[in-house]
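Summary of the model geometry
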Amino acid sequence: MAETKGGPITGGDVASAPRKSSWKYIGPGIVVAATGVGAGDLVATLIAGSNFGYTLLWAAVIGCVVKISLAEAAGRWHLSTGRTLFEGWAGLGRWTTWFFVVYVVVWGFAYGAAAMSSSGLPLQALFPDVMDLKWWAVLTGVVGLVFVWFNKYDVFEKVMTVLVGVMFVVTVYLAVRVTPNLGDAVAGLLPVLPDEKDSVLNTLGLIGGVGGTITLAAYGYWVNAKGWTNTGWMKVMRLDNRVAYITTGIFVVAMLFVGAELLHSANVALASGDKGLVQLSDILEKEYGTATAKLFLIGFFATSFTSLIGVWHGVSLMFADFVEHYRKSRTGADGAAGSGAEVASGARERSLPFRAYLLWLTFPPIVLLFQGQPFRLIIIYGVLGAAFMPFLALTLIWLLNSSRTPAEWRNGWISNGMLAIAGLLFLVLCVKQITDQDWSSFF
């Protein structure tokens, strides 16, 4: 059954969905969690632990709860309306399309270089005499391209699950290895701010940085790619989403334990950026031996590479959806026909726009790896990246409280509250990101 003009479209047969949620269906949540937790998140959490001990453990937990709300809202939109998130954005006005286009083009160009560099770092540390970091970075980007190009969602999900398993084993092992002070950790669950300058902004940054950027918006696309196409899958989606961010919480808490015990107690300062993780491997080698250090580097690679192939797949799906919608709007075709779950069954992964964006993420950024990133691009990338999360939170509030969503699946007061908190949080972080830029050198 389908209705146009903003009414519900439910892809597939609701009766074919399971009657109750089950662990055996878990998948898209693992993908979004693995993609969202990158090397930058691990470094930020380690630094928080090294600077403040267990004091900000509560902030890391809240960050996971906020992301659960955002991903659940994105998944609920896809399942309850049968429309993709981009179709929802396009219905809010032309400004959303312009924002999305500029974002995916500029952000993708800069992110491609960052993701490849982050994935190459642990490989270069593991095999220092094989080749230069730049070539390791290029290799990871090309391998990611080939993998996503020739494999569909089912294989993609299985590989991501294996890599998440590696991440989980390594981070939990390290947390146990450093012998955390559980009494202090429990005390860290109390919402207390460190008595230092900019502690509020540092805390908000930790909350906002826990696992997710545009990949939260991609969650609904992965839900459809899994074959979940109607409201009968709602309970499964919600279980899947909670498992994802509980897993994320374990990653983040484990790395905060490492920062608190290994760095804070020894008053060791960790460098910002991905190179801080290489520095941590050196510290681990001195404290616990070569085997532990190499195990950590393997986990570091799994963390970085899942983010790379997750973006290569998920954001390419979103870009393909944008192109489909743009073509329909130009030809005057019915925007509801062939939308959402019907197209997401695999056609997008084989489409020209999907593969074109894959190429965009891989090859143009290689220039940045060898020449350095232009200053203006860095500023635009930083501002757009900061602006996307408040854009996502606020547009989800708009969509899920309107007649575009069937009444049964619109936001309740808890969902509205969590999305409003997320929107305000990311708006503050966006303003901070903009004000921190050196605009005098931009012009």
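Residues numbered from 1 in each chain as written. Predicted model: local features only at pLDDT ≥ 70, side-chain atom pairs only at ≥ 80, totals over all residues. Heavy atoms only, no water.

1. Quick look at the pattern of salt bridges
- Applying the stated criterion to the full structure yields five salt bridges.
- For R76, the salt bridge identified is with E72, shortest N-O distance 2.9 Å. Here R76 pairs with E72, and both are found in helix α3 (residues 57-81), just four residues apart, close to one helical turn. A single burial state applies to R76 and to E72, both of which are buried.
- In the salt-bridge network here, residues are joined through shared partners; they are E72, R76 and R238. (Salt bridge = Lys/Arg side-chain N within 4 Å of Asp/Glu carboxyl O. Helix = DSSP H or I, 4+ residues; strand = E, 2+ residues; numbered from the N terminus. Buried < 20%, exposed > 50% of the residue type's maximum accessible area, 1.4 Å probe, protein only.)

2. Remarks on the side chain of T215
- Following the sequence through the fold, T215 ends up in helix α10 (residues 214-225).
- Each residue touching T215, except ones within four places of it in the same chain, is listed here: V32, T35, G36, W222 and V311. (Contact = heavy atoms within 4.5 Å.)

3. Examining the nonpolar core
- Membership of the largest hydrophobic core comes to 125 residues, with the highest contact counts inside it found for L70, W89, W312 and F388.
- The element best represented in this core is helix α13 (residues 290-331), accounting for 16 residues.
- With residues near it in sequence (within four places) discarded, F388 still touches W89, F99, Y103, T213, I214 and A217.
- Core analysis: the second largest hydrophobic core is formed by eight residues, L57, A175, L256 and F257 among them. (Core = buried A, V, L, I, M, F, W, Y, C linked by side-chain atoms within 4.5 Å.)

4. Remarks on the side chain of T303
- As for its position among the elements, T303 is in helix α13.
- For T303, the residues in contact, after removing those within four places along its chain, are A34, V37, G38, A39, L42 and M167.

5. Describing the environment of P364
- Within the secondary structure, P364 is located in helix α17 (residues 364-371).
- By relative accessible area, which is 25% here, P364 ends up partly exposed.
- Measuring from C-alpha to C-alpha, the distance between P364 and A113 comes to 8.6 Å, with 251 residues separating the pair along the chain.
- Residue contacts for P364: discarding those within four places in its chain leaves F109 and L359.

6. As for helix α6 (residues 133-150)
- In this model α6 runs 26 Å from its N-terminal to its C-terminal C-alpha over 18 residues, within 8% of the 26 Å that 1.5 Å per residue would give.
- Looking only at α6, the buried set comprises W136, A137, V138, T140, G141, G144, L145, F147 and V148.
- Sitting at the head of α6, D132 places a side-chain oxygen 3.0 Å from the backbone nitrogen of K134. (Expected span 1.5 Å × (residues − 1). Polar contact = N/O pair within 3.5 Å; in protein donor to acceptor, adjacent residues only side chain to side chain.)

7. As for a nonpolar patch on the surface
- The grouping of V61, V65, V186 and L189 at the surface amounts to a nonpolar patch, some 320 Å² of accessible area in total.
- You can see V61 is positioned in helix α3.
- Judged by its relative accessible area of 35%, V61 falls in the partly exposed class. (Patch = residues over 30% accessible without salt bridge, like charges linked within 9 Å, V, L, I, M, F, W, Y side chains within 5 Å. Areas by Shrake-Rupley, 256 points an atom, 1.4 Å probe, with all protein chains shown as cover.)

8. As for unusual backbone geometry
- Of note in the backbone geometry, T179 takes a positive phi value of approximately 55 degrees without being a glycine.
- Relative to the helices and strands, T179 is located in the loop between α7 (153-177) and α8 (182-187).

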